[in-house]
Amino acid sequence: MQLLPSGRALTAGAVAVVTLMAGGSAAGAASAPVHPATPTGTAAAAAAPDIPIANVKTHLRQLQSIATANGGNRAHGRAGYRASLDYMKAKLDAAGFTTRVQQFSASGRTGYNLTADWPGGDASQIVMAGSHLDSVASGPGINDNGSGSSAVLETALAVARSGYQPTKHLRFAWWGAEELGLVGSRYYVNSLGSAERAKISGYLNFDMIGSPNPGYFVYDDDPTIEKTFKDYFSGIGISTEIETEGDGRSDHAPFKNAGVPVGGLFSGADYRKTSAQAAKWGGTVGQPFDRCYHSSCDTTANIDDTALDRNSDAIAYAVWELSQ
Ligand code: DTR
Ligand code: CA
Ligand code: ZN
Ligand code: ZN
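Residues numbered from 1 in each chain as written. Chains lettered and ligands numbered in written order. Predicted model: local features only at pLDDT ≥ 70, side-chain atom pairs only at ≥ 80, totals over all residues. Heavy atoms only, no water.

Threshold: UniProt positions are given in the numbering used here, feature names are shortened, and annotations may be inferred rather than shown by experiment.
With an unreviewed UniProt entry as reference, the protein is termed Aminopeptidase Y (Arg, Lys, Leu preference), source organism Streptomyces lividans 1326. On record in UniProt, under Cofactor (unreviewed entry), the comment for the protein is "Zn(2+)". You can read under Subcellular location (unreviewed entry) in the UniProt record for the protein the words "Secreted".

Rendered as structure tokens:
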């Protein structure tokens, strides 16, 4: 497998594309055997780009500033939530996405979902990646769930930067009122109708992916999605565990209940890390994966950069792999 200067591996097909574009012959330039494109010019698999952790952390700092300027939180129905959504939407509009804001009511307050469609791809095969954007009222919610929201945003921006034209259609989403009980995502799924729901070939959920004492958990729902994530992590030498507590605990649940294949990643919340887990992942035995879960200390200091980086790159890998 050929490596780019960045050290990232290229799939054999992508090597063929790079080699051909450089004027070399697909067969002659790569160390691994490369299957030259067929005469019909079948598109080679595109390799996901590295997601710059610096960019993800810039989004986290913005969300922190928004919370600080709005009573210390980004909760449903509060100014900090809408300001968080406006930040995300502005980035996506500038990058060429078709964005939509969906309004709903919960607990007597107005809530909002944000979706961003990347133009092109087969509209009957929609790959979705999403995360909840709201925090609890007691804090800024930087790990829960600024981490997922920022990583999904940066993956969407990487799609735009690379000019990726997948076979399937890409839609990214940021949900409101998850902390009230998956309200925004459930409202979205229910509002789709059965014909639209049937077009969603998979929904990938990211809720807490930068925990300070991190674990590497993969949702055990759709086997193809699960394998995609596990393949990524085994490729970088990180062992994973199945997320067994996740059923019903985040925004993949309404999609799963509607028959949509789902998957996702999780770095842990208030459960404590075992010695066996610390042996493979490092960190602190007996401490929670995130001791600031649902607390005011869930700030930009409550993030493990390595976990956030690895999970962000895994998101990009899965979005590219599942949309080819
Ligand atoms: N309920 C989520 C956090 C959470 C707890 N367990 C899991 C498992 C899988 C995904 C998310 C979670 C929240 O507080 O937002
Ligand atoms: Ca990265
Ligand atoms: Zn939460
Ligand atoms: Zn959450």
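**Description of the site of ligand 1**
Quick note on the threshold: Each residue is tested against the molecule or strand, and it is near if at least one of its non-hydrogen atoms lies within 4 Å. Any pair of nitrogen or oxygen atoms within 3.5 Å is treated as a polar contact; in protein, a donor-acceptor pairing is required on top of that, and neighbouring residues in sequence qualify only through side-chain atoms on both sides. Think of it as three bins: nonpolar holds Ala, Val, Leu, Ile, Met, Phe, Trp, Tyr, Cys and Pro, charged holds Asp, Glu, Lys and Arg, and polar takes everything else, Gly as well.
Close to ligand 1 lie 14 residues; Glu178, Asp207, Arg249, Tyr293 and His294 are nearest. A distance of 3.2 Å separates an oxygen atom of ligand 1 from a polar side-chain atom of His132. A distance of 2.7 Å separates an oxygen atom of ligand 1 from a polar side-chain atom of Tyr293. Of the residues belonging to the shell around ligand 1, the class tally is four nonpolar, four polar and six charged.

**A look at the coordination of the zinc ion (ligand 3)**
Basically, it comes down to this: Distances decide who is a donor: an N, O or S atom must be within 2.8 Å of the metal, or within 3.2 Å for Na, K and Ca. Water is not included, so sites may look incomplete. For four-coordinate sites, all angles between 85 and 135 degrees define a tetrahedron; for four- and six-coordinate sites, opposite donors beyond 155 degrees with the remaining angles between 65 and 115 define square planar and octahedral shapes respectively, and all other cases count as irregular. Strands here mean DSSP runs of E at least two residues long; helices mean DSSP runs of H or I at least four residues long; both are numbered from the N terminus. Each residue is placed in one exposure class: buried if its accessible area under a 1.4 Å probe, protein chains only, is under 20% of its type's maximum, exposed if it is over 50%, and partly exposed if it falls in between.
Around the zinc ion (ligand 3), the protein contributes the donor atoms Asp144 (OD), Glu179 (OE), Glu179 (OE) and His294 (NE2), at 1.9 to 2.6 Å from the metal centre. For the zinc ion (ligand 3), the six donor atoms are set out with angles of 55 to 150 degrees between them, so the coordination reads as irregular. Sequence positions of the donors to the zinc ion (ligand 3) reduce to the motif D-x34-E-x114-H. Between the zinc ion (ligand 3) and the zinc ion (ligand 4) the interatomic distance comes to 3.5 Å, and Asp144 is a ligand of both metals. Note that Asp144 is positioned in helix 5 (residues 142–162) and Glu179 in the loop between strand 4 (168–175) and helix 6 (183–192), a separation of 35 residues in sequence. By relative accessible area, Asp144 is classed as buried at 3%. Residue class for Glu179 comes out partly exposed when judged on its relative accessible area of 24%.

**Some remarks on the state of the cysteines**
Selection rule: The criterion for a disulfide is a pair of cysteine sulfur atoms lying within 2.5 Å.
Summed over the entire model, instances satisfying the criterion amount to one disulfide. Paired by a disulfide, Cys292 and Cys297 hold their sulfur atoms 2.0 Å apart. With the S-S dihedral at roughly -115 degrees, the linkage between Cys292 and Cys297 falls on the left-handed side. Using a relative accessible area of 29% as the deciding quantity, one classes Cys297 as partly exposed.

**Regarding the environment of Ala116**
We count it as follows: Residues count as neighbours in contact if any of their non-hydrogen atoms are within 4.5 Å of one another.
Mapping Ala116 onto the fold places it in strand 2 (residues 109–118). By relative accessible area, Ala116 is classed as buried at 0%. The spacing of Ala116 and Met128 is twelve residues in sequence and 9.7 Å in space, taken between C-alpha atoms. Excluding residues that lie within four positions of it along the chain, Ala116 makes contacts with Leu92, Phe97, Thr98, Thr99, Leu170, Arg171, Phe172 and Trp174.

**Overview of the sheet that holds strand 8 (residues 262–266)**
Put simply, the rule is: Here, a strand pair is defined by DSSP locating no fewer than two bridges between the strands. As a rule, the C-alpha atoms of each element are fitted with a line to give its axis, helices using only the stretch in contact, and angles between N-to-C directions run from 0 to 180 degrees.
Taken in spatial order, the eight strands line up as 1-2-4-3-5-8-6-7 in an open sheet, and their pairing is mixed. Bordering the open sheet on either side are strand 1 (98–106) and strand 7 (241–243), each of which pairs with just one other strand. Averaged over all pairs of adjacent strands, the angle between strand axes in this sheet comes to 25 degrees, irrespective of strand direction. In terms of strand pairing, strand 2 meets strand 4 through five bridges, oriented antiparallel. The partner of Thr115 across the bridge, within strand 4, is Ala173. The strands touched by helix 8 (residues 223–235) within the sheet are strand 5 (200–206), strand 6 (217–219), strand 7 and strand 8, with strand 8 carrying the most contacts at an inclination of about 35 degrees. Running at roughly 145 degrees to strand 4, helix 11 (residues 305–323) makes contact with strand 3 (122–132), strand 4, strand 5 and strand 8 of the sheet.

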